[in-house]
Amino acid sequence: MFTLTTDSAVDVFRSKLDELGVFWVPLTFTIDGVTYEDDFSDDAKYKEFYDKVRAGALPVTSQINPFTHEEFWEKVIEKTGPTDIVHLTLSSGLSETYSSACKAAESFMEKHPDSRVYVVDSLAATQAEMPVFETALRLRDAGENAAAAAEALRAYSHRIQVYIIADDLFHLKRGGRVSTAAAVVGSMFKIKPLIVFDDAGKLQVYKKPLGWKKALKMVLDHIDEYCTDPSSKKFWIAHADALDKAEEARDAILAKYPGATVRIGWIGPVIGAHTGAGTIGILFESNSRLM
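Residues numbered from 1 in each chain as written. Predicted model: local features only at pLDDT ≥ 70, side-chain atom pairs only at ≥ 80, totals over all residues. Heavy atoms only, no water.

Visitor: Residue-level account of the pairing of strand β4 (residues 34–37), with values.
Guide: In the sheet, strand β3 (residues 28–31) pairs with β4 via 4 bridges, with the strands oriented antiparallel. Note that in β4 the partner of Phe 29 across the bridge is Tyr 36. Where β3 folds back on β4, the antiparallel hairpin that results is connected by 2 residues, among which Asp 32 adopts a positive phi of roughly 50 degrees. (Pairing = 2+ DSSP bridges. Helix = DSSP H or I, 4+ residues; strand = E, 2+ residues; numbered from the N terminus.)

The following block contains the structure:
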C-alpha cells in the first residue's frame, strides 16, 4: 500500500481529501494583489470566487515550486513514517507544477532513500482529474505497490476525454487568450468555443459552435463516437458557477444514456482564473483522446 498525495487542482473538497487520507498541497491564486491558498471545502468559497470574477477581477495563478513540494512531503512522512508516495498533479500542459514536483521528488528521495515518490501527470485538471484520482484511491486501498500504481495511472490518464465549453470570451480577452476582435465578434454571434485536452495535456480549440445548445449537442454526438458502451459509463461535469447548465448537460446525458451515472463538481480557482465564470466541462473514459 502507498500514500496518495495530490495538489489542490483536483477540486475535491479539501475536507473530503482529509477524510479519505489523501495529503494535499495547495496551489495559490492572487486577486487585487492579495494571494490566497486554494483550500476550498464548501460551495460558498467557490461562489465567492466567481462573484469576484464576474465583477471584473482577473485572478493570477502560480505554480508550486520544488521547495514547497519537498517541504510538503517532509510533513507527510512526519505523519506516516517512511513510505512510498504516489503524487497526482495538475496537467504538465497547463503548468510547470508537474515538472517542479519531479525535481522535488529527486531531491527528496536523495535525503530519504527509504521513501520513494512517483509523480503522475494527470494530463488534466479539476473534475477532469477525477477518474484518475478515483482509480488511484482504489489501487491504494487494494494494496497495490506504488510503482505499479503509478504506471497504471499514467497509462489511464490518456484515456480521459474532456470537452470544455467556454462562455465568457471577454474574460479570455482580458487574460490575453483571445483578441479583442475575436471576443467582440464571438460574443455577437454567441460562439461558444469547444476546447479539448490533447494527448499532451494541453488545451486546444476543437470547434466553434454557435451557442450553448449546439455546443452541448456536439459533445453528445462525440460521446457516441468515443465512449464505448456509454449507458454503463460514468460521466463527470465540471462547472464554473454554472450549475443550471451543468444540470442541463446531466439531464441530456441521462436522457440519451439512461444507465449512465453523472456527477457534477466545481471548477476551482486555479482553472477558473483562466476560463472565467460560466464554463462547463464534460468528460468520460474513452479508448483514446480526440487530439
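Visitor: Residue-level account of the sheet that holds strand β7 (residues 116–121), with values.
Guide: Read across the open sheet, the 4 strands follow the order β2-β1-β6-β7; overall the sheet is parallel. Each end of this open sheet is capped by a strand with a single partner; those strands are β2 (23–25) and β7. This sheet shows a mean twist of 25 degrees between the axes of neighbouring strands, independent of strand direction. Where strand β6 (residues 84–89) and β7 come together, 6 bridges link them in parallel fashion. Each bridged residue has a counterpart across the sheet, and for Ile 85 the counterpart in β7 is Val 117. Strand contacts of helix α4 (residues 97–111): β1 (3–7), β6 and β7, with the helix running at about 170 degrees to β7, the strand carrying the most contacts. Along the sheet face, helix α5 (residues 130–141) touches β1 and β6 and points at about 165 degrees away from the line of β1. (Axes fitted to C-alpha atoms, helices over the stretch in contact; angles between N-to-C directions. Contact = heavy atoms within 4.5 Å.)

Visitor: With reference to specific residues and values, describe the side chain of His 239.
Guide: Assignment of secondary structure puts His 239 in strand β11 (residues 234–239). What makes His 239 buried here is its relative accessible area of 4%. A polar atom in the side chain of His 239 sits 3.3 Å from the backbone nitrogen of Asp 241. Setting aside residues no more than four positions away along its own chain, His 239 makes contact with Ala 246, Ile 264, Gly 265, Trp 266, Ile 267, Thr 279 and Ile 280. (Buried < 20%, exposed > 50% of the residue type's maximum accessible area, 1.4 Å probe, protein only. Polar contact = N/O pair within 3.5 Å; in protein donor to acceptor, adjacent residues only side chain to side chain.)

Visitor: Break down the nonpolar core for me, with residues and values.
Guide: Within the largest apolar cluster, 64 residues are counted, with the highest numbers of intra-cluster contacts made by Leu 4, Phe 49, Trp 73, Val 117 and Phe 133. Here this core gets 6 residues from one element, more than from any other, and that element is α5. With residues near it in sequence (within four places) discarded, Val 117 still touches Trp 73, Ile 85, Ala 105, Phe 108 and Met 109. Counting residues in each nonpolar core, the second largest holds 24 residues, with Ile 165, Val 219, Ile 223 and Phe 284 among its members. (Core = buried A, V, L, I, M, F, W, Y, C linked by side-chain atoms within 4.5 Å.)

Visitor: Go over unusual backbone geometry, please, and point to the residues and values.
Guide: Apart from glycine, the bulk of residues carry a negative phi angle, and the bulk of peptide bonds sit in the trans form. In this structure, Asp 32 is a non-glycine residue whose phi angle is positive, near 50 degrees. Inspection of the secondary structure assignment puts Asp 32 in the loop between β3 and β4. With a phi angle near 60 degrees, Leu 123 is a residue other than glycine that sits in the positive phi range. Tracing the backbone shows Leu 123 in the loop between β7 and α5.

Visitor: Give a detailed account of the pattern of salt bridges, specifying residues and quantitative values.
Guide: The full count for this structure, using the stated rule, is 15 salt bridges. For Lys 16, the salt bridge goes to Glu 19, with nearest N and O atoms at 3.2 Å. Here Glu 19 and Lys 16 lie together in helix α1 (residues 14–20), a separation of 3 residues that amounts to about one turn. The class for Glu 19 is exposed, based on a relative accessible area of 61%. With a closest N to O distance of 2.9 Å, Lys 47 and Asp 51 form a salt bridge. One end of the pair, Lys 47, and the other, Asp 51, are both in helix α2 (residues 43–54), 4 residues apart, so they sit about a helical turn from each other. Classification of Asp 51 by relative accessible area gives partly exposed; the value is 38%. One network of salt bridges, in which partners are shared, links Lys 47, Asp 51, Arg 54 and Asp 241. (Salt bridge = Lys/Arg side-chain N within 4 Å of Asp/Glu carboxyl O.)

Visitor: Tell me about helix α3 (residues 66–80), and name the residues and values.
Guide: Between its first and last C-alpha atoms α3 spans 21 Å; for 15 residues at 1.5 Å apiece the expected length is 21 Å, and the two agree. Those residues of α3 not exposed but buried are His 69, Glu 70, Phe 72, Trp 73, Val 76 and Ile 77. Down the axis, α3 shows its buried residues gathered within 160 degrees of arc, on one side only. Exposed and oriented more than 90 degrees from the buried face of α3 are Phe 67, Glu 78 and Lys 79. The inward-facing, buried residues of α3 contact β1, β2, β6, α4 and β7. The first or second residue beyond α3 is Gly 81, which carries a positive phi of 80 degrees. (Expected span 1.5 Å × (residues − 1). Arc of directions from axis to C-beta.)

Shape descriptors only; they carry no functional weight alone.
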